[in-house]
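# Inside the fold
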Amino acid sequence: MGEKLHVRLICLAILAAGLPFAAWNDFVEQTNRQFYDLLLSLRAPAGGRAPAVLLAVDDQTLARYGPLPFSRAALARGLGVLAGFEPRVVGIDLLLAEAGRTEEDAALAAGLARFPKLVLAAALSGDSPRAGWIWPLDHLAGRASIGHVHAAPDEDGVVRSVLLEKQGGGRRAWAFGLECARLYLGAGAPVEERASLLLSGLRIPARRDESRRLLVNYAGPEGVFRRVSFRSLLEGQADPADFRDRIVIVGVTAQGAGDRLFTPLSSGGLGMSGIEIHANVVRTVLEGAFLGPLGAPAEIPGYLAVAGAAVALAKRLRGLKLASALAALMLALPSASYAALRAGSVWPLASLLAVFVWAAGVALAAEYGIAAAALRREERRRQEYAFRVQAMAHEIKTPLTAIQGSSEMIADASVPEPARAEIAGLIHKESKRLTGLVETFLNVERISAGSLALEKQPVDLAALCAEVLERARLYAARKRTAIQAEVPPAAILADPELLSFAVYNLLTNAVKYSPKQSTVRLEVRAGAGGGVLISVTDSGQGIEPAEQKRIFERFYRGKQAAEPGTGLGLALVKEIAVQHGGRVEVDSKPGAGSRFTLVLPAGD
Ligand code: ADP
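Residues numbered from 1 in each chain as written. Predicted model: local features only at pLDDT ≥ 70, side-chain atom pairs only at ≥ 80, totals over all residues. Heavy atoms only, no water.

## Comments concerning the pattern of salt bridges
It is possible for side chains bearing opposite charge to pair when their charged atoms get close. How we decide: Criterion for a salt bridge: a side-chain nitrogen of Lys or Arg within 4 Å of a carboxyl oxygen of Asp or Glu. Numbering goes from the N terminus for both helices and strands, where a helix is a DSSP run of H or I of at least four residues and a strand is a run of E of at least two.
Counted according to the given criterion, the structure contains 36 salt bridges. The shortest N-O distance in the salt bridge between Arg-33 and Glu-155 comes to 3.6 Å. Linking Arg-33 in helix H2 (residues 26-42) with Glu-155 in the loop between strand E6 (152-153) and strand E7 (159-163), this pair joins segments that are 122 residues apart in sequence. For Glu-192, the salt bridge is made with Arg-208, and the minimal N-O distance between the two is 2.3 Å. Here the residue Glu-192 occupies a position in strand E10 (residues 191-192), and Arg-208 occupies one in the loop between strand E12 (202-204) and strand E13 (213-215), the gap between them amounting to 16 residues. Each of the salt bridges in this network shares a partner with another, and the network as a whole consists of Asp-37, Asp-154, Asp-156, Arg-160 and Arg-213.

## Some words on the environment of Gly-132
What counts, and what does not: Contacts are residue-level and defined by heavy atoms, with any inter-residue pair within 4.5 Å sufficient.
Within the secondary structure, Gly-132 sits in the loop between strand E3 (118-124) and strand E4 (133-134). As for Gly-132 and Gly-111, which are separated by 21 residues in sequence, their C-alpha atoms are 27 Å apart. Those residues in contact with Gly-132, other than ones at most four positions away along the chain, are Ala-123, Leu-124 and Ser-125.

## Comments concerning a nonpolar patch on the surface
Test applied: For patch detection, residues must exceed 30% relative accessible area and be free of salt bridges, and they are connected within 9 Å for like charges or within 5 Å for nonpolar side chains (Val, Leu, Ile, Met, Phe, Trp, Tyr). Here, Shrake-Rupley sampling with a 1.4 Å probe gives the accessible areas, and only protein chains in the shown set may cover a residue. Exposure is judged per residue with a 1.4 Å probe applied to protein chains only, and the accessible area is read against the type maximum: over 50% gives exposed, under 20% gives buried, and values in between give partly exposed.
Among the surface-exposed residues, Leu-5, Leu-9 and Leu-12 lie close enough to one another that they form a single nonpolar patch of about 310 Å² accessible area. The exposure class assigned to Leu-9 is exposed, which follows from its relative accessible area of 53%.

## Focus on the environment of Pro-240
Tracing the backbone shows Pro-240 in the loop between helix H8 (230-234) and strand E15 (247-252). When the C-alpha atoms of Pro-240 and Leu-178 are compared, they prove to be 25 Å apart, with 62 residues separating the residues in sequence.

## Focus on the domain arrangement of the protein
Worth spelling out the cut-off: The source of the domain bounds is an automatic or database domain assignment.
Here the protein is described as being made up of domain 1 (47-288), domain 2 (390-449) and domain 3 (457-600). A C-alpha centroid distance of 110 Å is found between domain 1 and domain 2.

## With respect to the packing of aromatic side chains
Here is the rule we go by: Pairing of aromatic side chains here covers Phe, Tyr and the six-membered ring of Trp, requires ring centres within 6.5 Å, and sorts the geometry by plane angle: under 30 degrees stacked, over 60 edge-to-face, intermediate tilted.
If you walk through the whole model with that rule in mind, you get five aromatic pairs. With centroids separated by 5.6 Å and ring planes inclined at 85°, the aromatic side chains of Trp-24 and Tyr-303 adopt a geometry described as edge-to-face. Note that Trp-24 is positioned in the loop between helix H1 (2-23) and H2 and Tyr-303 in helix H10 (residues 296-316), a separation of 279 residues in sequence. Among the residues examined, Tyr-303 registers a relative accessible area of 3% and is labelled buried. With a centroid separation of 6.3 Å and an interplanar angle of 75°, the aromatic rings of Phe-552 and Phe-596 are classed as edge-to-face.

Right, dumping it as C-alpha cells:
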C-alpha cells in the first residue's frame with residue numbers, strides 16, 4: 001500500500017510537470033487553431049437576411065469596364081444608381097488615395113457626397129510602427145468615416161481575427177467593418193473601456209492588451225452574404241430591395257485582384273474576398289456574436305478536470321471498460337468544444353486532448369507498473385511459500401526416517417532386549433515429535449481460518465505461567481539457560497491451553513535464539529483497561545528490522561535461524577493474540593536481544 005502510494009505520488013509529479021508542455025507547445029497551439037477552424041466550419045451557414053450586402057467589382061465588371069484600378073467614372077455612375085436605392089450605410093473598400101482625372105474625381109466626389117453614412121478605406125503602407133497611412137483624398141472623403149482594411153492573419157496565415165484599431169503615422173483608424181456597423185447603429189465613435197470597447201451600449205470584447213483583436217464569427221463560407229455584381233448595377237439589373245436600408249460594401253472580388261485571404265472557412269484553396277470578411281466583421285458586431293477564448297481562470301481548472309478524469313478512469317476501470325470510457329471522453333471533448341463554440345467560447349481543444357492523452361498515458365503507466373509489481377511480489381511470495389512447505393516436509397521426514405530405521409531394527413530378532421526397549425523409546429519420542437509438528441501446523445491453519453473456537457475462561461496467570469515455566473525450564477536446561485520470572489497475581493479471560501502454547505513458544509524461541517548460559521526473562525504486567533502484557537526478553541542474536549514483520553508469517557524462518565524449526569511458532573502466537581482481541585509486539589536489536597510482548601485485553 002505504502003509503495004503504491006509512493007509510485008502514485010511520483011507519477012502525479014511527472015504528470016503535473018509535463019502538463020504545461022502538453023497544453024502549450026507550438027504544435028498543439030497550431031492544432032488548436034486547426035480544430036477551431038474545423039469546428040467553425042462544421043456549423044451550418046447563418047441564415048436570414050444579413051444587414052450587409054456586397055456590391056462586387058467582379059470579373060464580369062472588370063471585363064466590361066476595364067482593368068484595375070477600377071474606373072472612377074464607372075464607380076461614380078454606380079454610386080449614383082445606388083443612391084436611388086437608399087442604402088443605410090455605404091462602405092467602399094477601394095483605396096482612393098491618389099488623384100485621378102479631375103472631371104472623374106469631381107463626379108466621384110459628388111457621388112460619394114450623396115451618402116451621409118459613408119465609410120472609406122485606409123491602409124497602412126507597411127508593418128513598421130512608423131508606416132504611414134494610405135488615406136483617402138480629402139476632397140473625395142469629405143465627411144466620410146475612414147476604416148482600416150487590414151486583416152490580422154495568425155502565424156499560419158489564416159485570418160481568424162481583425163484588429164479593431166490600428167495606429168500609425170500619428171493617426172488611428174477603427175476597422176472598416178466596425179465603422180460600417182457603427183454608422184448602421186447610428187452610434188458615435190466607439191468608447192474605449194479598459195477591457196473592451198463600447199458601441200452605443202454594445203460591449204465588444206476587444207481588449208486593448210490584445211491589440212483590440214476581434215475573432216470574426218464567420219457566418220459561413222464565401223457566398224453567404226447577398227452579392228450583386230457592380231456591372232449589373234450599372235446595367236440597371238440590380239434589385240433596389242437588395243440594398244434598401246442595408247450596409248452596402250463595395251469592393252473587388254475579381255479572382256486576379258489578389259485581395260483574397262485565407263480564413264477558417266476558405267475552401268478549395270481559394271481565399272475569401274476582403275469585402276466578405278468585412279461583412280463578417282459587421283455581422284459579428286451587430287449580432288453581438290462574439291467569440292472569446294476561455295481565459296486562464298477557466299482554462300487551467302479545465303485542464304485539471306480533464307487530467308483528473310483520465311487519472312480517475314485509469315485507476316478505477318480495466319480492460320474494455322477502460323478503453324471505452326477513455327474513448328468516450330476523447331469524443332466528448334470535441335463535442336463539448338463544439339457546443340462551447342456555438343455559445344461563443346473558444347476552447348483550446350488540442351490542448352485539452354493533449355492534456356487528456358498525457359494524463360491517461362502517465363496514469364496507465366502507473367497502474368500498469370503497480371499491477372506488475374504486485375504480480376511480481378505475489379509470485380515471490382508463492383515461491384517462498386513453496387520453499388517453506390518443502391522445508392516443513394523435510395522437518396517431518398527427519399523423524400519419519402528415524403522411525404523407519406528403528407522399526408526395521410526392532411524387527412530384527414538378533415537385537416538384544418535392552419536395545420529393543422531403547423529403540424522403542426526412540427520410536428515413541430520421534431513419533432511424538434512428529435505429532436507435535438503436525439499438530440502445530442494444523443493449529444495454525446485452523447486458528448487462522450477461525451475454525452478453532454476459543455474456550456475462554458478466567459485464567460490465573462501466575463498459575464498458568466508457573467506450569468509453562470516448568471516445561472520451558474526443562475527445555476532450557478540443555479543450553480543451561482536460566483529463566484527468570486516476574487509474575488504478579490493477575491487474571492484475565494482467555495483460552496488457557498492456547499495461551500500456554502503462546503507463552504511456551506515465546507520462551508523456547510528466546511532460549512533457542514540465545515547463546516548458551518544466558519538468561520531469559522518472563523514478565524507479566526498490568527495493561528490498559530484490565531488487560532495484561534506478557535513479555536519475554538532475551539539477550540540473544542536479535543532480529544534484523546526488515547525481518548521483524550515477516551517472522552510472523554507462516555513458515556517464515558529467519559535468515560540467521562541456525563536451530564531447527566518450522567517457522568510456524570510465531571505465526572501461531574500471533575493468531576492466538578489476535579483471536580484474543582490482542583496483538584504481539586516485537587522489539588529487537590540485532591546482536592543485542594529481543595523482547596516479544598503479548599498485549600492481551602481483559603477479555604470480557
Ligand atoms: P522457528 O523458530 O521454527 O523458525 P518461529 O515462527 O517461532 O519459527 O520464528 C520465526 C523466526 O523468527 C525464527 O526462524 C527466527 O529467525 C526468528 N525468531 C523468533 N524468536 C526469536 C528470538 N527470540 N530471537 C531471535 N530471533 C527469533
